[in-house]
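# Survey of secondary and tertiary structure
Listed below are the residues making up each chain.
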Amino acid sequence: MKLDPESIAEYNQTQLEGHQRKLSYWTQEVAKAEPVIQKLIDFQIAIPSWALGTGGTRFGRFPGGGEPRSLEEKIADVGLLHALNRASGAISLHIPWDIPTDPNAIRQLAAQHGLRFDAVNSNTFQDQLDAQQSYKFGSLQHTDPAVRRQAIEHNIEVIRHGVALGSDALTVWLSDGSCFPGQLNFRKAFDRTLSSLEEIYAALPNDWKLFVEYKAFEPNFYSMTVGDWGSSFLYANKLGPKAYTLVDLGHHLPNANIEQIVAILLHQGKLGGFHFNDSKYGDDDLTAGSIKPYQLFLIFTELVDGLDARGMNHATDLGWMIDASHNVKDPLEDLLQSVEAIQIAYAQALIVDREALEDAREANDPVRAQEILQDAFRTDVRPLVAEARRRAGASLNPLGLYRQLNVRQQLIGERGAKTVTTGL
Ligand code: RM4
Ligand code: MN
Ligand code: MN
């Protein structure tokens, strides 16, 4: 379904009075508010094509109905999100879950929805039906050169698809590792992975980036060959200037200080991209900001600080993407919530009094430093986020409009109640 711009305007009219009342505090803080609103308008968060359906767990899957059955319908869903919030202007494809058979037509369709193609993702963590070689014991690290060759060729193929779509980055997430002590020679696994990555890197177009994503555990439970930011950083450094580390929030061991990791990677010019989600335990892939909103804010505080220190453009110099899987929520509602949580954390990070914070740090005053951070975190920036949406032509309250229009019911009407989308 396509959202009629009229319905957004009508809905906003019904919300306008309340919105303006909440915004009135900020009208006195124009100098502070205006740049934040503009940054929010510019900031776009990519939606992964595999997050538009119900993921489920290894125990079961409970599809919700009206889920996209094709790449075209996935693009339509992201288009719908973008029409509602004007902040989801990009889509990220996973190959081979979503192979564009007619890239030009797909590109045009995306452009009609105001979408561009974000990083493309390779998949060497599953065996495809027609595959000659198996990834059971790894892909780029594999002891058998024939398996490594297949995985390298697949990544190069993914780059080709990305080029055809106008994407400019490849994300490599490897499930490679081992489940038992003794199973793997760590040094050989490292060297093989590096030389495989080198071949993929050599196939990158000049203006492309390669994102090396790490993950602490799962599906391998004893060791992961790219298991933490240190190893990802090492690969990225050895590969060269087009290679970067990608941080997925759910890929750390419990209590890891992600904001510090982000700060150092950015400081070293090696932070490339982000996968947003939230978790209580591990790679839970829950809605961003649903469990640890303060952590999300602290991460954004480091991001804004680090980006500014390097004179980088917040909106375009890093890859921003949601990486989530939905078990019990309507995926589109979940994604709307995630985008909003990210925008709120970003806006709060933008209003931190950096000069005062730096003074407090230099004076070794942790009390004042905490007050400054929490002052920003406890400020209700939602009117600013809503105002950015209104100015961009989006809904003042995307979730409210989504429910009012019964979008899911309409999608079920169009696509059926029993639909299963490709992906996780
Ligand atoms: C992995 C990782 C990757 C994502 C796959 C589907 O855990 O987060 O980024 O592509 O899941
Ligand atoms: Mn990820
Ligand atoms: Mn993950």
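On a predicted model such as this, the values are computed, not experimentally measured, just so you know.

## Concerning the packing of aromatic side chains
For the structure shown, the criterion picks out 20 aromatic pairs. With a centroid separation of 5.1 Å and 50° between ring planes, the pair formed by phenylalanine 43 and tryptophan 320 is classed as tilted. With phenylalanine 43 in the loop between helix 2 (30-42) and strand 1 (47-48) and tryptophan 320 in strand 11 (residues 319-322), this residue pair connects regions lying 277 residues apart in the sequence. The same class applies to phenylalanine 43 as to tryptophan 320, namely buried. One cation-aromatic arrangement involves lysine 209 over tyrosine 244; the distance from NZ or CZ to the ring centre is 5.2 Å. Note that lysine 270 overlies the ring of tyrosine 244, its terminal NZ or CZ placed 5.4 Å from the centroid.

## Some details on the nonpolar core
One finds Leu170, Leu271, Phe274, Phe276, Phe300, Leu303 and Trp320 to be the most contacted residues of the largest nonpolar core, which totals 109 residues. Per element, the largest residue contribution to this core is 12 residues, and it comes from helix 10 (residues 331-350). Discounting chain neighbours no more than four positions away, the residues touching leucine 303 are Val262, Leu266, Leu271, Phe274, Leu318 and Trp320.

## Points about the coordination of the manganese ion (ligand 3)
Around the manganese ion (ligand 3), the protein contributes the donor atoms His251 (NE2) and Asp283 (OD), which lie 2.2 to 2.6 Å from the metal centre. The buried category is assigned to histidine 251, whose relative accessible area is 5%. By relative accessible area, which is 22% here, aspartate 283 ends up partly exposed.

## Re the site of ligand 1
In the region of ligand 1, the neighbouring residues are Trp50, His94, Trp97, Trp173, Glu213, Lys215, Asp248, His251, His275, Asp283 and Asp323. At 3.1 Å, a side-chain N or O of aspartate 248 approaches an oxygen atom of ligand 1. Residue aspartate 283 places a side-chain N or O atom 3.2 Å away from an oxygen atom belonging to ligand 1. Taking 290 Å² as the accessible area of ligand 1 by itself, protein coverage stands at 95%. Residues belonging to the shell around ligand 1 are distributed by class as follows: 3 nonpolar, 3 polar and 5 charged.

## Focus on the pairing of strand 10 (residues 271-276)
Burial within strand 10 is extensive, with 6 of its 6 residues counted as buried. By the bridge criterion, 4 bridges tie strand 9 (residues 243-248) to strand 10 in an arrangement that is parallel. Paired with threonine 245 across the two strands is leucine 271, which belongs to strand 10. Handedness of the strand 9-helix 8 (residues 258-267)-strand 10 crossover: right-handed. Pairing analysis gives 4 bridges linking strand 10 to strand 11, with the strands arranged parallel.

## Digging into the coordination of the manganese ion (ligand 2)
Looking at the manganese ion (ligand 2), the protein donor atoms are Glu213 (OE), Asp248 (OD), His275 (ND1) and Asp323 (OD), and they sit 2.1 to 2.3 Å from it. Here the manganese ion (ligand 2) binds 6 donor atoms, and the angle range of 72 to 167° at the metal identifies the geometry as octahedral. As a motif over one chain, the donors of the manganese ion (ligand 2) read E-x34-D-x26-H-x47-D. Separating the manganese ion (ligand 2) and the manganese ion (ligand 3) is a distance of 3.9 Å. Placement of the pair is glutamate 213 in strand 7 (residues 209-213) and aspartate 248 in strand 9, with a sequence separation of 35 residues. The burial state of glutamate 213 is the same as that of aspartate 248; both residues are buried.

Calculation criteria
Residues numbered from 1 in each chain as written. Chains lettered and ligands numbered in written order. Predicted model: local features only at pLDDT ≥ 70, side-chain atom pairs only at ≥ 80, totals over all residues. Heavy atoms only, no water. Phe/Tyr/Trp six-rings, centres within 6.5 Å; stacked < 30°, edge-to-face > 60°. Helix = DSSP H or I, 4+ residues; strand = E, 2+ residues; numbered from the N terminus. Buried < 20%, exposed > 50% of the residue type's maximum accessible area, 1.4 Å probe, protein only. Lys NZ or Arg CZ within 6 Å of the ring centre and 35° of its normal. Core = buried A, V, L, I, M, F, W, Y, C linked by side-chain atoms within 4.5 Å. Contact = heavy atoms within 4.5 Å. Donors = N, O, S within 2.8 Å, 3.2 Å for Na, K, Ca; no water. Near = heavy atom within 4 Å. Polar contact = N/O pair within 3.5 Å; in protein donor to acceptor, adjacent residues only side chain to side chain. Areas by Shrake-Rupley, 256 points an atom, 1.4 Å probe, with all protein chains shown as cover. Nonpolar A, V, L, I, M, F, W, Y, C, P; charged D, E, K, R; others polar. Pairing = 2+ DSSP bridges. Right-handed = clockwise from strand over helix to strand, strands pointing away. Tetrahedral: all angles 85-135°; square planar, octahedral: opposite > 155°, others 65-115°.

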